Amino acid sequence: MNKLNNRTRRVENRFGKSGSMSAKPGSPSAAKPLARDRVRTVVLVGFMGAGKTTVGRALSRRLGLPFEDLDDRIHHREGKTIERIFRESGEAGFRKAETAALRELLGELGSSLRVVALGGGAFVEPGNAALIEEAEAHSVFLDAPVEELLRRCMEETTARPLRRNPEQFRVLYEKRRRSYMRAAVRIETGGKDVDTVAAEVACSLGLG
Ligand code: S3P
């Protein structure tokens with residue numbers, strides 16, 4: 001069974017009933033032909049619940065690029081779920097695996113552009129952000145008010161080792177926000193649906 005698809009399906013259901021950040025059924029993601037020379041690898045960053053995977057999939061359809069979730073690559077490389085890596089190796093072990101997976105992924109970009117969703121802590125590591133910049137990828141911070149991020153995370157079943165309690169969630173968001181702001185672009189996602197956000201990301205590439 002393809003684990004990648006399992007996770008993707010879970011994440012896509014994430015905002016299904018909430019009204020905001022939900023995909024409009026049947027809405028065309030690839031509306032018009034794109035200027036191919038402006039298409040670049042897009043790396044979506046942001047906190048848990050930002051919609052990185054959901055928006056990433058919609059954007060990949062819009063840009064005609066493959067989509068990849070870095071956590072899925074980590075899962076496959078390590079042969080363990082993210083939760084199990086945290087349990088057995090701690091956050092430090094997970095971060096090591098994350099950087100190794102990111103390096104591998106960025107090394108493949110020369111031959112294949114793509115849309116990439118990072119896990120919530122990946123861009124916070126300065127070395128990882130530098131690798132992304134060196135790869136000349138377009139980094140995009142998907143932001144939302146922390147209470148909305150919390151609500152989205154509470155509505156879904158994905159196991160998140162670092163989503164412990166609401167207070168800790170808020171503190172971690174505040175601590176990380178400055179790092180996310182180092183992305184080339186920040187897009188506010190609060191109250192918007194998935195296709196709107198994907199269109200705004202495409203616009204930030206000059207592909208409006
Ligand atoms: C993490 C977020 C998770 C995953 C891991 C660590 C974080 O990804 O990478 O549990 O440090 O915020 P999502 O942002 O997709 O939940």
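Above: the structure in question.
The notes below deal with the structure included here. The numbers attached to residues start from 1 for each chain and follow its sequence in the written order. Where totals are concerned, whole chains, interfaces and linings use all residues; where local detail is concerned, this predicted model gives features only for residues with pLDDT of at least 70, and gives and counts side-chain atom pairs only at 80 or more. The side-chain numbers reported here are obtained from all heavy atoms of the structure, hydrogens and water having been left aside.

Think of it this way: any DSSP run of H or I at least four residues long counts as a helix, any run of E at least two long counts as a strand, and we number them from the N terminus. Scanning the protein from terminus to terminus reveals eight helices and five strands. Starting at the N terminus and walking to the C terminus, you meet the elements of the protein as α-β-α-β-α-α-β-α-β-α-α-β-α. Sorting the 208 residues of the protein into buried and exposed places 51% on the buried side. Contacts in the protein between residues far apart in sequence, at least 24 positions, make up 79% of those at least 6 positions apart. Just so you have it, the protein exposes about 9,900 Å², and 49% of that area is on carbon and sulfur atoms. For every residue, the accessible area obtained with a 1.4 Å probe (protein chains only) is divided by the maximum for its type, and the residue is called buried under 20%, exposed over 50%, and partly exposed between those limits. The contact criterion used throughout is that any non-hydrogen atoms of two residues lie within 4.5 Å. The accessible surface values rely on the Shrake-Rupley method and a 1.4 Å probe; as for residues, cover is taken only from the protein chains in view.

Below, the discussion takes up the pattern of salt bridges. When a carboxyl oxygen of Asp or Glu is within 4 Å of a side-chain nitrogen of Lys or Arg, the pair counts as a salt bridge. Inspection of the entire model under this criterion finds 19 salt bridges. A salt bridge links Glu88 to Arg84; the shortest N-O distance between them is 2.7 Å. In this pair, Glu88 and Arg84 are both assigned in helix α4 (residues 82–107), four residues apart and thus about one turn of the helix distant. Taking relative accessible area as the criterion, Arg84 reaches 33% and is therefore assigned partly exposed. Residue Arg186 is joined to Glu188 by a salt bridge in which the shortest nitrogen-to-oxygen separation is 3.1 Å. Residue Arg186 is classed as partly exposed on the basis of its relative accessible area of 39%. A relative accessible area of 28% places Glu188 in the partly exposed class. If you follow the salt bridges from partner to partner, you end up with Glu68, Arg73, Arg77, Glu104, Glu108 and Arg114 in one network.

Two aromatic rings from Phe, Tyr or Trp, using only the six-membered ring of Trp, form a pair when their centres are within 6.5 Å; if the ring planes differ by under 30 degrees the pair is stacked, by over 60 it is edge-to-face, and anything between is tilted. Per the stated rule, a full pass over the model turns up four aromatic pairs. When the centroid spacing of 5.1 Å and the interplanar angle of 35° are considered together, the rings of Phe141 and Tyr180 count as tilted. Linking Phe141 in strand β4 (residues 138–143) with Tyr180 in helix α7 (residues 166–180), this pair joins segments that are 39 residues apart in sequence. You can call Phe141 buried: its relative accessible area is 0%. The exposure class assigned to Tyr180 is buried, which follows from its relative accessible area of 0%. Members of the aromatic cluster, each reached through a chain of ring pairs, are Phe47, Phe169 and Tyr173.

Our focus in this paragraph is the nonpolar core. Of all hydrophobic cores here, the largest spans 59 residues; its most connected members are Leu63, Leu118, Leu142 and Val201. At nine residues, α4 tops the list of elements feeding residues into this core. Each residue touching Leu142, except ones within four places of it in the same chain, is listed here: Leu44, Val45, Gly46, Ala50, Gly51, Lys52, Val55, Ile187, Thr189, Val197 and Val201. Nonpolar cores are built from buried Ala, Val, Leu, Ile, Met, Phe, Trp, Tyr and Cys residues. Side-chain atoms within 4.5 Å join them into one set.

To be near a molecule or strand, a residue needs just one of its heavy atoms within 4 Å of it. Near the ligand, the surroundings consist of 15 residues, among which Lys52, Asp71, Arg95, Arg160 and Arg176 are the closest. Lys52 is positioned such that a nitrogen or oxygen atom in its side chain is 2.8 Å from an oxygen atom of the ligand. Within 3.5 Å is the distance limit for a polar contact, defined as a pair of N or O atoms, with the added protein rule that one can donate a hydrogen and the other accept it, and that residues adjacent in sequence qualify only through two side-chain atoms. Arg95 places a side-chain nitrogen or oxygen 2.6 Å from an oxygen atom of the ligand. Among the elements that take part in the shell around the ligand, α4 stands out by supplying four residues, more than any other. Amino acids are sorted into nonpolar (Ala, Val, Leu, Ile, Met, Phe, Trp, Tyr, Cys and Pro), charged (Asp, Glu, Lys and Arg) and polar (every other residue, Gly among them). Residue composition of the shell around the ligand, grouped by class: six nonpolar, three polar and six charged.

Let us look at helix α8 (residues 194–204). Of all the positions in α8, only Val194, Asp195, Val197, Ala198, Val201 and Ala202 are classed as buried. In an axial view of α8, the angular spread of the buried residues amounts to 160°, which keeps them on one side of the axis. Those residues of α8 hidden inside the fold are in contact with β1 (42–45), α2 (52–63), β4 and β5 (185–188). N-cap assignment for α8: the residue whose side-chain oxygen lies 3.2 Å from the backbone N of Asp195 is Asp193. Positive phi appears at Gly206, one or two residues downstream of α8, with a value of about 85°. Here the arc refers to the set of directions running from the helix axis out to each C-beta atom.

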